[in-house]
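Summary of the model geometry
Okay, here's what each chain looks like letter by letter:
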Amino acid sequence: MAQTPWNARFETILRQGLPGLGKGKTPDADVPMESYGLDSMALIGIVSALESAYGVSLAGQVVVPVHTLTAGQLWGIVSATLQPSWDAGLYPPSDTASRGRTPWAVA
């Protein structure tokens, strides 16, 4: 089996959302997932499952057209959201009104 850049949780979610992947197969990081049966509805399901599994929001992050999106690109998007941001910890967890905003953001 070829080495993949992602972890097992990500691959499990892909397997559940890609009907054409085939049992025991691993998606190629550089092949459009459309070749594994990905369509816009399947992508919505995969993104939703990824958001739940990783506790992140991918809203506005997946901007690659569904017919060219690869597993490697999707993993890059997910892993980027998992990286700590430069302003992490600026706001106390109880400060829900400003959480996630930079100090100079205007609402």
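I will try to describe carefully the structure that is included in this document. Predicted, not measured: the structure shown is a model, and the values here were computed from it.

Criteria and cut-off values
- Residues numbered from 1 in each chain as written.
- Predicted model: local features only at pLDDT ≥ 70, side-chain atom pairs only at ≥ 80, totals over all residues.
- Heavy atoms only, no water.
- Helix = DSSP H or I, 4+ residues; strand = E, 2+ residues; numbered from the N terminus.
- Buried < 20%, exposed > 50% of the residue type's maximum accessible area, 1.4 Å probe, protein only.
- Contact = heavy atoms within 4.5 Å.
- Areas by Shrake-Rupley, 256 points an atom, 1.4 Å probe, with all protein chains shown as cover.
- Salt bridge = Lys/Arg side-chain N within 4 Å of Asp/Glu carboxyl O.
- Axes fitted to C-alpha atoms, helices over the stretch in contact; angles between N-to-C directions.
- Parallel < 35°, antiparallel > 145°, perpendicular 65-115°, else oblique.
- Left-handed = near helix turned anticlockwise from the far one by under 90°.
- Nonpolar A, V, L, I, M, F, W, Y, C, P; charged D, E, K, R; others polar.
- Phe/Tyr/Trp six-rings, centres within 6.5 Å; stacked < 30°, edge-to-face > 60°.
- Lys NZ or Arg CZ within 6 Å of the ring centre and 35° of its normal.

Now for the overall build of the protein chain. Within the protein chain, the regular secondary structure consists of three helices and zero strands. Going from N to C terminus, the protein chain has its helices and strands arranged as α-α-α. A buried classification covers 29% of the 107 residues belonging to the protein chain. Looking at the protein chain alone, contacts between residues at least 24 apart form 50% of all its contacts between residues at least 6 apart. Looking at the protein chain as shown, the accessible area adds up to about 6700 Å², and 57% of this sits on carbon and sulfur atoms.

Under the counting rule described, the total for this entry stands at one salt bridge. Salt-bridge contacts for E11 lead to R15; the nearest nitrogen and oxygen are separated by 2.7 Å. With E11 and R15 both in helix α1 (residues 8-17) and four residues apart, the pair spans about one turn of that helix.

The next thing to look at is the packing of α1 against helix α2 (residues 40-54). Relative to each other, α1 and α2 sit at 155°, their axes nearing to 9 Å. Classified by the angle their axes make, α1 and α2 are roughly antiparallel. For the pair α1 and α2, the crossing hand works out as right-handed. Two secondary-structure elements touch here, α1 through R9, F10, I13, L14 and G17 and α2 through A42, I46, A49, L50, A53 and Y54. When its residues are assigned to classes, the contact of α1 with α2 shows nine nonpolar, one polar and one charged.

In this section: the packing of aromatic side chains. Under the criterion given, the structure shown has three aromatic pairs. With a centroid separation of 5.4 Å and 45° between ring planes, the pair formed by W6 and F10 is classed as tilted. F10 shares its class with W6; the two are buried. Through a chain of ring-to-ring contacts, the aromatic side chains of W6, F10, Y54 and W75 assemble into a single cluster. The side chain of R9 reaches across the aromatic face of Y54, ending 4.5 Å from its centre.

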